[in-house]
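Given next are the chains, with one letter for each unit.
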Amino acid sequence: MKGVRLAIIVLFSLAGTHVGTHAQSQVPARDPGQSIAPPMGTATIGGLVKDHQGQPVRRSTVTITGDMRLTRSTVTDNEGRFAFAELPTGRFTVSAEKPGSPQMSYGAKRAYRAGAGVFLQDGEHADGLTLTLPRGAVMTGTVYDEAGVPMPGVPVMAWEVRTSLGGERTLGSVGETVTVITDDRGVYRLFGLPAGDFTV
């Protein structure tokens, strides 16, 4: 829009592509209808997801990822419990998430950070894991044009402001970066953010 310039930087502190060469292949093409079966074993992983007050979190999504691109997900029951069976030997990361709360990994001290992981031999059982989902913070505000008129339909995204040990400040995405659109009043609302400093 000519004559309108959006210039908003707000700092908050919250608590809470296949490029290839043409060549003949000596390997027969794989039937696209075939798939590689995921690895199986006899190990298990299970545990509990709770909130920041220690209460079980029902219907949260728990995902494990492991070697050989193994990925499985499940949903916690009414008591916040989850379980994965028939797992092979390997190291697994376990994470939990639910709308309104930042994603948390087992063994991590902060949201959206890699956790310690769980290493299992075939036949081993790690059935006492506990993951705590922190309380998600909310950021809201209004976008105005240079004349002070609210602007509807404007994309708004939150970026975390990170400070290195040397004092350098950089911007980083928070998990899967979410963009929201301002409503007819120019108002935006971002939720499920972890504790930290953010710019919009």
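Notes on the structure in this doc start here.

Quick notes on the rules
Residues numbered from 1 in each chain as written. Predicted model: local features only at pLDDT ≥ 70, side-chain atom pairs only at ≥ 80, totals over all residues. Heavy atoms only, no water. Helix = DSSP H or I, 4+ residues; strand = E, 2+ residues; numbered from the N terminus. Buried < 20%, exposed > 50% of the residue type's maximum accessible area, 1.4 Å probe, protein only. Salt bridge = Lys/Arg side-chain N within 4 Å of Asp/Glu carboxyl O. Pairing = 2+ DSSP bridges. Axes fitted to C-alpha atoms, helices over the stretch in contact; angles between N-to-C directions. Contact = heavy atoms within 4.5 Å. Polar contact = N/O pair within 3.5 Å; in protein donor to acceptor, adjacent residues only side chain to side chain. Core = buried A, V, L, I, M, F, W, Y, C linked by side-chain atoms within 4.5 Å.

**Quick word on the overall build of the chain**
Helix and strand counts for the chain come out as zero helices and 16 strands. Considering the chain as a whole, with its 200 residues, one finds that 32% of them fall into the buried category.

**What about the pattern of salt bridges?**
What the rule picks out here adds up to one salt bridge. A salt bridge links Asp-183 to Arg-185, with the shortest nitrogen-to-oxygen separation between them at 2.8 Å. What makes Arg-185 exposed here is its relative accessible area of 52%.

**Regarding the pairing of strand β4 (residues 71-75)**
Pairing of strand β3 (residues 61-65) with β4 involves five bridges; the strand directions are antiparallel. Paired with Ile-64 across the strands is Arg-72, a residue of β4. Between β3 and β4, which pair antiparallel and follow one another directly, the connecting turn spans five residues, one of which, Met-68, has a positive phi of 55°.

**Some thoughts on the sheet that holds strand β5 (residues 81-87)**
Strand order in the open sheet formed by three strands is β5-β2-β9, with mixed pairing between adjacent strands. Of all the strands in the sheet, just β5 and β9 (125-133) have a single pairing partner and so form its edges. On average, adjacent strands in this sheet sit at an angle of 20° to one another, irrespective of strand direction. Where strand β2 (residues 43-51) and β9 come together, seven bridges link them in parallel fashion. Paired with Leu-48 across the bridge in β9 is Thr-130.

**Points about the environment of Ser-105**
By the secondary structure assignment, Ser-105 is in strand β7 (residues 101-105). Linking Ser-105 and Thr-93, residues twelve residues apart in sequence, is a C-alpha distance of 7.1 Å. Excluding residues within four positions of it along the chain, Ser-105 makes contact with Val-94, Ser-95, Arg-113, Gly-115 and Leu-131. Of note is the side chain of Ser-105, whose polar atom sits 3.5 Å from the backbone oxygen of Arg-113.

**Quick word on the nonpolar core**
If you look at the biggest cluster of nonpolar residues, it comprises 21 residues, and the most contacted ones within it are Ile-45, Phe-82 and Val-94. In terms of residue count, the dominant contributor to this core is β9 (four residues). Apart from the residues lying within four places of it in its own chain, the contact partners of Val-94 are Ile-45, Val-62, Thr-63, Ile-64, Phe-82, Met-104, Ser-105, Tyr-106, Val-118, Leu-129 and Leu-131. Judged by nonpolar contacts, the second largest core, of 13 residues, contains Met-139, Val-143, Val-156 and Phe-198.

**Description of the environment of Gly-100**
By secondary structure assignment, the location of Gly-100 is in the loop between β6 (90-98) and β7. Under the relative-accessibility criterion, Gly-100 is labelled partly exposed at 29%. Distance from Gly-100 to Gly-192, taken between C-alpha atoms, is 4.1 Å for residues 92 residues apart in sequence. Residues within four places of Gly-100 in sequence aside, it is in contact with Gly-136, Phe-191 and Gly-192.

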